[in-house]
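# Architecture and fold: a report
Take a look at the letters that make up each chain.
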Amino acid sequence: MNKKKIILVIFLYFFTLSSSSSIEADVFVQSTVNRASKILSENLSKNEKIDKLKNIAEETVDIRGIGFYTLGSIRKNLDSDQKKKYSRLFREYFLKSFSSRLSEYTNPEIDVLSKEVLSENYTIVNSLLKGTSERPEVKIDWRVYTKNPENPLIRDLIIEGLSLARTQKEEFASILNSNDNDINALFKKLKEFSKN
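The paragraphs below set out a description of the structure included in this document. Here, residues in each chain are numbered from 1, in the same order as that chain's written sequence. Where totals are concerned, whole chains, interfaces and linings use all residues; where local detail is concerned, this predicted model gives features only for residues with pLDDT of at least 70, and gives and counts side-chain atom pairs only at 80 or more. Excluded from the side-chain calculation are hydrogens and water; included are all heavy atoms of the structure.

A few words now on helix H3 (residues 46-60). Between its terminal C-alpha atoms H3 stretches 21 Å, which fits the 21 Å expected from 15 residues at 1.5 Å a residue. Three exposure classes are used, based on accessible area relative to the maximum for each residue type with a 1.4 Å probe and protein chains only: buried under 20%, partly exposed in between, and exposed over 50%. Numbering of helices and strands runs from the N terminus; a helix is a DSSP stretch of H or I covering at least four residues, while a strand is a stretch of E covering at least two. Within the sequence span of H3, burial applies to Lys49, Ile50, Leu53, Ile56, Ala57 and Thr60. The buried side chains of H3 occupy one side of the element, clustering within an arc of 125° when seen end-on. On its buried side, H3 packs onto helix H2 (25-41), helix H4 (63-71), helix H5 (80-102) and strand E4 (153-159). Multiplying 1.5 Å by the helix residue count minus one yields the expected span of that helix. By construction, the arc corresponds to the directions joining the helix axis to the C-beta atoms. We call two residues contacting when some pair of their heavy atoms lies within 4.5 Å.

Laid out in structure tokens, this is it:
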């Protein structure tokens, strides 16, 4: 084999390796829900489940991105110390809220049905939480940030047409509006929630 052919074979090998490490958004979502379902069906204490669910969230959710989206336009008025403090408090708030809600479920079954590529940065993945005798089926759409195809991240959940990120943004706006847009009032609320 001549030198040019060897270089071409090596190039193709590495190109195949790098392209195969990108993850399709629907596969990513199904893998994430399977991991969560496995934890929820295990014989663990509630606190153990919460800790494991928090780990999954930290790996698969763009917590920082969601945090600054939910803060709205006031984020432009914050200095770097306030932004750091907000990021830390929102992370604690989000992880507690997410894991404690999810830990109430026992072995939820979610089927990924389809996906819609909106742009190279975003894909919507459609799924269905199967109904049981205790709860009806629920339609869940996942807004997945795919700018880095090797590390997709969840940016929002749309449950029966209701965006959780937008709902959170409205809640934070209400707290800020009631307190003359004082960011410290929001900091206080986030701290109180995380401590309880």
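Quick look at unusual backbone geometry now. The phi torsion at glutamate 160 lies on the positive side, around 50°, for a residue other than glycine. By the secondary structure assignment, glutamate 160 is in the loop between E4 and strand E5 (162-163). Even without being glycine, aspartate 180 reaches a positive phi, approximately 50°. Counting through the fold element by element, aspartate 180 comes out in the loop between helix H6 (164-177) and helix H7 (183-195). The class of aspartate 180 is exposed, set by a relative accessible area of 75%.

To continue, consider the nonpolar core. Leu71, Tyr86, Phe90, Phe94, Trp142, Phe172 and Leu186 are the most contacted members of the largest nonpolar core, which has 33 residues in total. When contributions to this core are tallied by element, the ones reaching two or more residues are H2, H4, H5, strand E2 (122-129), strand E3 (138-145), H6 and H7. Among the elements that line this core, the one with the most residues is H5, at six residues. When sequence neighbours within four positions are dropped, the list of residues in contact with leucine 71 reads Leu78, Tyr86, Leu176, Ile183 and Leu186. In this text, buried Ala, Val, Leu, Ile, Met, Phe, Trp, Tyr and Cys residues form a nonpolar core when linked through side-chain atoms within 4.5 Å. If you look at the next biggest cluster of nonpolar residues, it comprises five residues, including Ala36, Ile39, Leu53 and Ile56.

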